[in-house]
Amino acid sequence: MNLNEPFWFELVAQQGKARAGILHTPHGDIPTPVFAPVGTQATVKALTPAQLDELDTPLILANTYHLYLRPGDDLIADMGGLHPFMGWERPILTDSGGFQVFSLAKMRKVDDEGVTFKSHIDGSMHRLTPEKSIAIQENLGADIIMAFDECAPPYDREYNEQAMARTHAWAERCLKAKKRPDQALFGIVQGGAFADLREQSARAIAASGFPGHAIGGLSVGESKADMHAMIEVVNAVLPDDKPRYLMGVGMPDDLINGVWRGIDMFDCVLPTRLARHQAAMTPTGRINLMNAVNARDEHPIVEGCQCYTCRHFSRAYLRHLIVAKEMLAATLVSIHNIHTLLDIARGMRQAIIAQCFDQYAREFLMHLAQPQTAGDAIPGLS
Ligand SMILES: [Zn+2]
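Everything numeric here is computed off the predicted structure, so don't read it as measured data.

Asker: Any details on the overall build of the chain? Residues and values, ideally.
Answerer: Along its length, the chain carries 15 helices and 16 strands. The C-alpha atoms of the chain give 20 Å as radius of gyration, which agrees with the globular expectation for 382 residues (21 Å, within 12%). Projecting the C-alpha coordinates of the chain onto the three principal axes gives extents of approximately 60 × 50 × 45 Å. Out of the 382 residues belonging to the chain, those deemed buried represent 58%. Relative to all contacts within the chain whose residues are 6 or more apart in sequence, the contacts with residues 24 or more apart total 66%.

Asker: Lay out the coordination of the zinc ion with the relevant residues and their values.
Answerer: Taken together, the protein donors to the zinc ion comprise Cys305 (SG), Cys307 (SG), Cys310 (SG) and His336 (ND1), at separations of 2.1 to 2.3 Å. Classification of the site at the zinc ion rests on its four donor atoms, whose angles at the metal span 98 to 116°, yielding the label tetrahedral. Donor residues binding the zinc ion come from one chain and are separated in sequence as C-x1-C-x2-C-x25-H. The exposure class assigned to Cys307 is buried, which follows from its relative accessible area of 2%. Since its relative accessible area comes to 8%, Cys310 is described here as buried.

Asker: Tell me about the pairing of strand S8 (residues 115-118), residues and numbers included.
Answerer: Burial of S8 is one-sided: the residues Val115 and Phe117 facing one way are buried, the residues Thr116 and Lys118 facing the other way are not. The pairing of strand S7 (residues 108-110) with S8 spans three bridges and is classified as antiparallel. Residue pairing in the sheet places Val110 in a bridge with Val115 of S8. Where S7 folds back on S8, the antiparallel hairpin that results is connected by four residues. The sheet contact formed by S8 and strand S9 (residues 125-128) spans four bridges and is antiparallel. Within S9, the position partnered with Lys118 by the bridge is Met125.

Asker: Lay out the sheet that holds S7 with the relevant residues and their values.
Answerer: Strand order across the open sheet formed by three strands is S7-S8-S9, with antiparallel pairing between neighbours. Looking at the sheet topology across the chains shown, the edges are occupied by S7 and S9. Going across the sheet, the axis of each strand differs from the next one's by a mean of 15°, ignoring polarity.

Asker: Would you mind going over the packing of helix H14 (residues 328-353) against helix H15 (residues 357-367) in detail, with residue names and values included?
Answerer: Running from N to C, H14 and H15 point in directions that differ by 145°, and their axes come no closer than 8 Å. Together, Asp343, Ile344, Gly347, Met348, Ala351 and Ile352 of H14 and Phe357, Tyr360 and Phe364 of H15 make up the contact between the two elements. Here the contact of H14 with H15 is built from residues that sort into seven nonpolar, one polar and one charged.

Asker: A description of the packing of helix H10 (residues 252-260) against H15 should follow, citing residues and the corresponding values.
Answerer: Where H10 meets H15, the closest approach of the two axes is 10 Å, and the angle between their N-to-C directions is 155°. Judged by the inter-axis angle, H10 sits roughly antiparallel to H15. Crossing geometry of H10 relative to H15 is assigned as left-handed. Contact residues: H10 offers Pro252, Asp253, Ile256, Asn257, Val259 and Trp260, while H15 offers Phe357, Asp358, Tyr360, Ala361, Phe364 and Leu365.

Asker: How would you explain the environment of Phe99 if you had to name every residue and give the values?
Answerer: Topologically, Phe99 is positioned in helix H5 (residues 98-103). Owing to a relative accessible area of 41%, Phe99 belongs among the partly exposed residues under this scheme. Residues Phe99 and Gly216 lie 117 residues apart in sequence; the distance between their C-alpha atoms is 8.9 Å.

Criteria and cut-off values
- Here the residue numbers are simple positions, counted from 1 along each chain's written sequence.
- Local features are withheld for residues below a pLDDT of 70 in this predicted model, meaning they are given only at 70 or higher, and side-chain atom pairs are given and counted only at 80 or more; totals for whole chains, interfaces and linings count all residues.
- Water and hydrogen atoms were dropped before computing side-chain values, which therefore reflect all heavy atoms in the structure.
- What counts as a helix is a DSSP run of H or I of at least four residues, what counts as a strand is a run of E of at least two, and both are numbered from the N terminus.
- Radius of gyration: C-alpha atoms only; globule rule: 2.2 Å multiplied by the number of residues to the exponent 0.38.
- Each residue gets one of three labels from its accessible area relative to the maximum for its type: buried under 20%, exposed over 50%, partly exposed in between, using a 1.4 Å probe on protein chains only.
- Contacts are assigned to residue pairs that have any heavy atoms within 4.5 Å of one another.
- As a rule, N, O and S atoms within 2.8 Å of a metal are its donors, except that Na, K and Ca use 3.2 Å; water is not among the atoms, so sites may look incomplete.
- Under this scheme a four-donor centre is tetrahedral when all angles range from 85 to 135 degrees, a four-donor centre is square planar and a six-donor centre octahedral when opposite donors are above 155 degrees with the rest from 65 to 115, and any other centre is irregular.
- Any two strands with at least two DSSP-identified bridges between them are counted as paired.
- Note on geometry: axes are lines fitted to C-alpha atoms, helical ones only across the stretch in contact, with angles between N-to-C directions running from 0 to 180 degrees.
- Gly counts as polar in this scheme, as do all residues outside two lists: the nonpolar Ala, Val, Leu, Ile, Met, Phe, Trp, Tyr, Cys and Pro, and the charged Asp, Glu, Lys and Arg.
- Orientation labels follow simple angle bins: below 35 degrees gives roughly parallel, above 145 gives roughly antiparallel, 65 to 115 gives roughly perpendicular, and whatever is left gives oblique.
- We call a crossing left-handed when the near helix sits turned anticlockwise from the far one by less than a right angle, and right-handed when that turn is clockwise.

Okay, structure coming up:
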C-alpha cells in the first residue's frame, strides 16, 4: 500500500472468498465489488453523465474497437482524452479491442503478431497488435486499460491452447509497450472451459506483475456450472492483493456467484440493452413492461426501489412511453436497471463488511422468481 502510487487496491473486509475493497485511481476511488455500465461509443446509451453520477456510478467502460474506428483515438487525444471528451470525471476502463475484433469485425485474420480485420462500419482494413492496442488506449486515457488478448470458443481445446499461448505472449508485449504511468494495465486470463488451461493461464498472467487481473472468455456460451468452476480455478491462483475482474458478466445471479468466488469487478451491456427492449431488471427476475397487465398499473417497477424512475413513475406511464416510442422510455428504464445492478454491488459490499454475505447471497438467489440460470445458481455453503 503506497499513497504515492496512482493505483492501489485496498482490501477492507473479507468473508470466505468474497471481498470488499477500494481500488484507488487518479479519477477517484472505486468501492468493490463494483458493477461498471458499458459506454460503448463513449456514452452509456440514453443516459447523461449527470444521471450516471446521480446513480453513484463508480466506474464505466468504453470500447477501444469502436472509438478507434469512430471518431478515432487521435481525435479523442486531441480533445484531451476520454474524460473531458465525454464529460465524465470519474474512473473509466477501456477494453483492448480484442473481443470486439473477434466478435464484430466482418473479416479477421489472426497471426502471432496481431489481427487484421475489416471495419464493420465501412469495410476498411485495419491491423490491431498488442502495441497498437496499448497506443490507442493511451490516447483514450482511461484509468484502467486491458491487455490485448484472444478469446476462443469455450469448448474448442485446440483453438484455446493456441489462443492462450498468444494471449500470454501478447500480455508481455503490452507490458513493454505501455508508457503512461497514470494508467493501470490489467492482464487477462484465457483458457476456455478447460480447468488445466485456466490454471496455466492464471499462473502465467499472475507472474507477469500486472496491478490487476481479468478473467476473459467467460459468459460466451459455456454453461453456468463451467463458468463457476473456471472462476474457482483461476481465483485460487491469482494473488489476493490485486483486483479481479470478470469481463462481460452482468446478470444479477452472476454478480452474486462471482463475488462468492472472489471476483471484485464486473461490466456488462445487459442493463442498458434490456432497457431498450422494454425489459426491467428486478431482484426477483425480469419484467417485460410492454405486457398488457402493466397498462393501468399505478405501481413503480419495484416497490421501494430508490431509483429516480421508481420514485416518480408508474408502470402504466413507462408502458405508455414504450408504446408511443418515446425516447424517455429507454432513459427511465436504463436508470432503473443500472441502479438495480449498482445496488446489488453495494448490498454485497455492505454484507461482506457486516460479515453476513453468506446469508445475503443465499436469500438473494432464493428470491429470484424466475430461474435465470441453468445449473447451480445457489453456491454451496462450505
Ligand atoms: Zn427503480
